[in-house]
Amino acid sequence: VALITGAAQGIGKTIALRLASDGFKIALNDVDSKRNQLGGVIDEIERKYGLETCSIPGDVSKERDVQDMVEAVPQRLGSLDVVRHDKLVFSTHFAPLSLSEKQWDEVLRINTKGVFFCYKYAAKQMVAQGRPGGRIIGASSFAGKQGLTHIGAYAALKFAVRGLTQVAALELGHHGITVTAYAPGTRYTDSPGFVRLERGPHNIPYLLQTASAIDLSTTPAGKDLPSFSTVGKPEDVASLVSFLASQESGYITGETYLTLSAGSIPYLH
């Protein structure tokens, strides 16, 4: 059984569909305002794969919501074996010199609490089940591997995900639970409300999220990348999560894996 947060659309939805195709029963989470969208994902999973699925709306930045969500999964689907967490509240004002305290708190406090709560209660449930093989998977970013201009709060958050992932992996390893994360780079998704920045360090085009297709060769920064460089798709991230959720990944823990656009890796330290 896999619990996917932020599952109403975008990468979360794509991961839910991929894990369902792998045979997992799926518990879907997103905010209550996206209840209808969650219902659509449930319908798609049940139609395509015939698997038992449920939705548990809630705010992952609120501890009680996360605790209730995690406890509901085994009650409704029998167990909890995989948790993938990525739910982001973002500010459109990124530069540290212009970022207000309120905006900083919105990005750091809300988002880091969400990661902490999901890791904490997923671990508690998996330990209580008393069997090895649990998988906890977080979402960092290539901004959590290398700082980028204009997104100080976002980079700090994604570095925090890497740190918490490493610590949780050390603390949960003796229970047979692995904790990993993935770090997407430039990619397409249908999640709204994010902005595109033309340049990052070494002239990397940094696309957080966008609803429309981008040809990298048409951007100023894209001209500095190899000709084969492409923008990734949610399915590229879902493929990595599929492996991390599998039993074949049991020898891997504490790692944050890059899922970058083709051709971007040479530009990162």
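Let me begin by describing the structure that accompanies this report. Remember, it's a predicted structure, so these values are computed and weren't measured experimentally.

## Focus on the nonpolar core
Nonpolar side chains in soluble globular proteins tend to end up buried together. Counting residues in each nonpolar core, the largest one holds 35 residues, and the members touching the most others are Leu-3, Val-66, Met-69 and Ile-136. For this core, the secondary-structure elements that each account for two or more residues are helix H3 (63-77), helix H4 (101-129), helix H5 (152-172) and strand E6 (178-184). For this core, the element with the highest residue contribution is H4, accounting for ten residues. What Met-69 contacts, discounting residues up to four positions off in sequence, is Leu-3, Thr-5, Asn-29, Ile-56, Val-60 and Cys-118. With 27 residues, the next largest nonpolar core counts Ala-20, Val-41, Ile-137 and Ala-139 among its residues.

## Thoughts on the environment of Val-31
Relative to the assigned elements, Val-31 resides in the loop between strand E2 (26-28) and helix H2 (35-49). Judged by relative accessible area, Val-31 falls into the partly exposed class, the value being 27%. The spatial distance from the C-alpha of Val-31 to the C-alpha of Gly-6 is 7.8 Å, given a sequence separation of 25 residues.

## With respect to the packing of aromatic side chains
Counted according to the given criterion, the structure contains one aromatic pair. Seen in terms of ring centroids, Phe-116 and Phe-117 are 5.5 Å apart; in terms of plane orientation they differ by 45°. Their pairing is tilted. Residue classification places Phe-116 among the partly exposed positions, given a relative accessible area of 39%. Exposure remark for Phe-117: the relative accessible area of 6% places this residue in the buried category.

## Brief notes about the packing of helix H1 (residues 10-21) against helix H6 (residues 234-245)
Interhelical geometry of H1 versus H6 gives an angle of 50° and a closest axis separation of 9 Å. Considering their axes alone, H1 and H6 lie oblique with respect to each other. Seen along the crossing, H1 lies across H6 with a hand that is right-handed. Of H6, the residues touching H1 (which contributes Ile-11, Thr-14, Ile-15, Arg-18 and Leu-19) are Pro-234, Glu-235, Val-237, Ala-238, Ser-239, Val-241, Ser-242 and Ala-245. A class-by-class count of the residues in the contact of H1 with H6 yields eight nonpolar, three polar and two charged.

## Quick look at the packing of H1 against H2
Interhelical geometry of H1 versus H2 gives an angle of 25° and a closest axis separation of 10 Å. In this view, H1 runs roughly parallel relative to H2, as classed from their interaxial angle. Of the two possible hands of crossing, H1 and H2 adopt the one that is right-handed. Residues Lys-13, Ala-16, Leu-17, Ala-20 and Ser-21 of H1 form the contact with H2, whose participating residues are Val-41, Glu-44, Ile-45 and Tyr-49. Split into classes, the residues belonging to the contact of H1 with H2 amount to six nonpolar, one polar and two charged.

Calculation notes
- Residues numbered from 1 in each chain as written.
- Predicted model: local features only at pLDDT ≥ 70, side-chain atom pairs only at ≥ 80, totals over all residues.
- Heavy atoms only, no water.
- Core = buried A, V, L, I, M, F, W, Y, C linked by side-chain atoms within 4.5 Å.
- Buried < 20%, exposed > 50% of the residue type's maximum accessible area, 1.4 Å probe, protein only.
- Helix = DSSP H or I, 4+ residues; strand = E, 2+ residues; numbered from the N terminus.
- Contact = heavy atoms within 4.5 Å.
- Phe/Tyr/Trp six-rings, centres within 6.5 Å; stacked < 30°, edge-to-face > 60°.
- Axes fitted to C-alpha atoms, helices over the stretch in contact; angles between N-to-C directions.
- Parallel < 35°, antiparallel > 145°, perpendicular 65-115°, else oblique.
- Left-handed = near helix turned anticlockwise from the far one by under 90°.
- Nonpolar A, V, L, I, M, F, W, Y, C, P; charged D, E, K, R; others polar.

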